[in-house]
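Structure at a glance
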Amino acid sequence: MTAIKTVPLMERAAWKALKSHADQIRGRHLRELFAEDSGRGERLTLEAAGLFVDYSKNRITDETLRLLVALAEESGLKARTEAMFTGEKINITENRAVLHVALRAPKTEKIFVDGEDVVPGVHEVLDKMAGFANRIRSGEWKGHTGKRIKNVVNIGIGGSDLGPVMAYEALKYYSDRNLTFRFVSNVDGTDFAEAVVDLDPEETLFLVASKTFTTLETMTNAHTARDWALLKLKDEKAVAKHFVAISTNAKEVEKFGIDTANMFGFWDWVGGRYSMDSAIGLSTMIAIGPENFSELLAGFHAMDVHFRTTPIEKNIPALLGLLTVWYTEFFDAQTQAVLPYEQYLKRFPAYLQQLTMESNGKHVTLDGTTVDYQTGPIYWGEPGTNGQHSFYQLIHQGTRLIPCDFIGFSKTLNPLGRHHDMLMANVFAQAEALAYGKTAEQVKAEGTPDWLVPHRVFEGNRPSNTILAEKLTPRVLGSLVALYEHAVFTQGVVWNIDSFDQWGVELGKVLATKILGELEAKDEPKLAHDSSTTNLIQRYRKTK
Ligand code: G6Q
C-alpha cells in the first residue's frame with residue numbers, strides 16, 4: 001500500500017490543539033451553546049444519500065469542528081480513502097484489498113486489484129443471484145420431490161449471518177410473504193432444531209453461507225441440515241436441489257457435495273462484516289427481489305460517492321467518525337448507543353456491533369506499536385421506545401457519558417392511528433432532554449420538596465446525533481449501513497489501526513478444538529490446563 005507518513009496520534013499538531021481545546025469545551029453546556037447561536041440547530045446539519053443528520057446536539061463549537069477536520073487531514077483520511085477505493089491492499093496484516101465499495105459499483109466503473117478489473121465479476125455474480133432468486137420466488141425452482149420451495153434457511157455465522165438477518169428484518173415489509181426465512185448461526189443445536197421444527201424438508205432450501213467454508217459452527221450446522229433433509233428425502237441427489245453455497249472456497253463446497261454450479265462466489269477483498277451486499281446477501285435478494293436489492297446497492301453507492309467526494313467538513317460519515325473519536329479520546333466515553341426508532345431495525349444495533357467492534361477493537365497501530373490512546377468504543381442499542389423503559393435511565397442520570405445516535409423516519413411503513421407521531425415525538429423529546437436536562441431551579445419550581453430535588457435533577461449536556469430519513473426503503477438502508485462503514489473507516493484512519501483484520505475472531509476459531517477432543521475422549525484424558533479449566537472439564541465429563 002502507499003506509504004502514508006503517519007505521525008503518532010498524540011504528536012499530531014491537530015491532536016495537541018484538540019487536547020487543550022477539549023479542556024475548555026468540557027466546561028461548556030449545550031444549553032449555552034444553543035443560547036449563543038439561534039441558528040445552531042439548522043446550521044449543524046447535513047444531508048446526503050437520503051439521510052438528514054442533525055449533529056448540533058454535540059459538545060462542539062465551530063473551532064472543535066475545524067480541529068477535528070484538521071486531525072482527519074493530518075491523519076491522511078483523503079489519501080487513505082482513495083487507497084481503499086482504488087483497491088490498494090490497505091488490510092496490511094492479511095495483505096488484502098478492502099473493496100466492499102466495489103460490490104455496489106455501477107457496471108461502468110473500473111476498480112483494479114492486482115491488475116484485474118473486479119467490477120465485471122461483481123455484476124456477473126449479481127446476475128446469477130438474480131436469476132436464482134427469481135426462480136425461487138416464481139416457484140420455477142422445485143425441490144427434489146417436485147414441490148415448490150417455501151422456506152429458505154440461511155446457515156452462517158458472524159459476517160455471514162448478522163448482515164442477512166438484519167437486512168431481512170429491516171426490509172421485511174418488502175419481502176415475499178409466501179416465503180419463510182430462518183437464520184441458523186449458533187453451534188448450539190437448539191438454534192438449528194428450533195429453526196426447522198415446523199419446516200418440511202421437501203419445501204426447504206438451505207443457503208450455506210461461509211466465506212471460508214471451514215467455519216466450525218457453519219459446517220456443523222450444514223452437515224446437520226444435510227442429515228435432516230436426507231432423513232426424509234432419502235436420496236443424495238436431493239442435496240443439489242436443497243442446498244446452495246455462498247463462498248470463496250469452491251474446493252470445500254464441492255467436498256460438501258454441493259454442485260459448484262449452485263455456488264455463488266465472492267472474493268478475499270470482501271471482509272465478512274462488509275459482505276451483506278455480496279452473494280452473502282442472497283437470502284435478502286430472495287426475500288425482497290432483485291430490483292429491491294439493486295435499490296439497496298444504489299443506496300450504498302450513493303453514500304460511497306458522498307464519502308469519497310465530499311470535503312471532510314461536509315462529509316457525514318467522516319464527521320460522525322470524528323465525533324466518536326472526540327468523545328472516546330477527550331471525554332472518556334466508553335460506549336456509543338445506537339437507538340433506532342423503527343421496529344424493523346431491531347437487529348441493526350447487533351449488526352453494528354460487529355461492524356464497529358470487530359473493525360476497531362485493536363490495540364496496535366499499523367506498524368505494530370501498542371497504542372497509547374483508546375480505540376473502538378463499545379456499540380450497543382435497542383429500538384425506541386422500548387429502551388426508554390429500561391436502560392435510558394443510565395444515559396440520562398448515570399455517571400457515564402454515552403453519546404447516542406437516534407434514527408427515525410418521517411413516514412412509517414405501517415400507518416396506524418397516532419402511533420407514528422407518538423414514536424417520533426419520543427425521538428425528539430429524548431434528544432432534547434439529554435441535551436438540556438432539568439436544573440434544580442426548574443425542579444423546585446415544580447413544587448418538589450428540597451430533599452427530592454437532587455434525585456430529580458438532570459444534568460443534561462449529553463450529546464446525540466439525530467439521523468432522519470423519509471421512509472425505510474432498501475435504498476435508505478444501504479445508505480445507512482454505508483454511513484457507519486465509512487464512519488468506522490474514518491475512526492480507524494485517525495487511530496492508525498487495521499480496521500479490516502480480525503485476529504481475535506481467528507483465535508476463537510481454533511481455541512475450542514483441543515478442549516472438544518478432551519470433552520469427547522472415551523478414556524479419562526490427561527489434562528494440562530489451569531486448575532479451574534481442568535475442574536470444569538472434569539465436572540462436565542461427569543455430568544454430561
Ligand atoms: C467478519 C469475521 C467473522 C466471519 C465469520 C464467518 O468480518 O471475519 O464474523 O464473518 O467468522 O466466517 P465464514 O464466512 O468464513 O464462515
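Predicted model only: the values in this text are computed from it and were never measured.

How each quantity is defined
Per chain, the residues get numbers from 1 upward, laid out in the order the sequence is written. The model is predicted, so local features are restricted to residues of pLDDT at least 70 and side-chain atom pairs to those at 80 or more, both for listing and for counting; the totals for chains, interfaces and linings are taken over all residues. Each side-chain value is worked out from all heavy atoms of the structure, with water and hydrogens disregarded. Site definitions follow a grid-based scheme: protein atoms alone, a 1 Å grid, a 1.4 Å probe that fits but cannot get out for cavities, and for pockets an open set with protein on both sides within 12 Å along at least five of seven lines, plus lining residues having an atom within 4 Å of a point. Grid points are joined across faces, edges and corners, and a volume is the space filled by probe spheres set on the points. Only DSSP runs of H or I covering at least 4 residues are called helices, and only runs of E covering at least 2 are called strands; the numbering of each starts at the N terminus. Basically, the charged four are Asp, Glu, Lys and Arg, the nonpolar ten are Ala, Val, Leu, Ile, Met, Phe, Trp, Tyr, Cys and Pro, and anything else, Gly included, counts as polar. Contact definition: two residues touch when any of their heavy atoms are within 4.5 Å.

1. Looking at empty space enclosed by the protein
For the coordinates displayed, the defined rule picks out 4 cavities of 30 Å³ or more. Within this model, the largest cavity holds a volume of roughly 110 Å³. Along the wall of the largest cavity there are 17 residues; nearest its centre are Leu-320, Thr-324, Gln-336, Asp-405 and Asn-465. For the lining of the largest cavity, the secondary structure elements donating two or more residues are helix 14 (316-330), strand 12 (404-409), strand 13 (464-469) and helix 20 (474-495). Taken together, the residues of the lining of the largest cavity break down into 10 nonpolar, 6 polar and 1 charged. Of the volumes computed, that of the second largest cavity is approximately 80 Å³. Forming the boundary of the second largest cavity are 13 residues, of which Asn-91, Asp-268, Val-270, Gly-271 and Phe-500 lie nearest the centre. Residues that form the lining of the second largest cavity fall into these classes: 6 nonpolar, 3 polar and 4 charged.

2. With respect to the layout of surface pockets
Size it by volume and the largest pocket reaches roughly 860 Å³. Along the wall of the largest pocket there are 33 residues; nearest its centre are Ile-157, Thr-215, Glu-217, Val-505 and Lys-509. Only helix 9 (216-233), helix 15 (348-360) and helix 21 (503-520) provide two or more residues apiece to the lining of the largest pocket. With 8 residues, helix 21 is the single largest residue contributor to the lining of the largest pocket. A breakdown of the residues in the lining of the largest pocket according to their chemical character gives 9 nonpolar, 16 polar and 8 charged. Counted as a void, the second largest pocket has a volume near 430 Å³. As for the second largest pocket, its lining consists of 18 residues, of which Glu-342, Gln-343, Thr-412, Asn-414 and Leu-423 are closest to the centre. At 5 residues, helix 17 (residues 419-436) tops the list of elements feeding residues into the lining of the second largest pocket. Partitioned by chemical class, the residues of the lining of the second largest pocket number 6 nonpolar, 8 polar and 4 charged.

3. So, the environment of Phe-192
With respect to the element layout, Phe-192 can be found in helix 8 (residues 189-196). Sequence separation between Phe-192 and Gly-384 is 192 residues; the distance between their C-alpha atoms is 30 Å. With sequence-adjacent residues up to four places away left out, Phe-192 is seen in contact with Val-184, Phe-206, Asn-221, Thr-224, Ala-225 and Trp-228.

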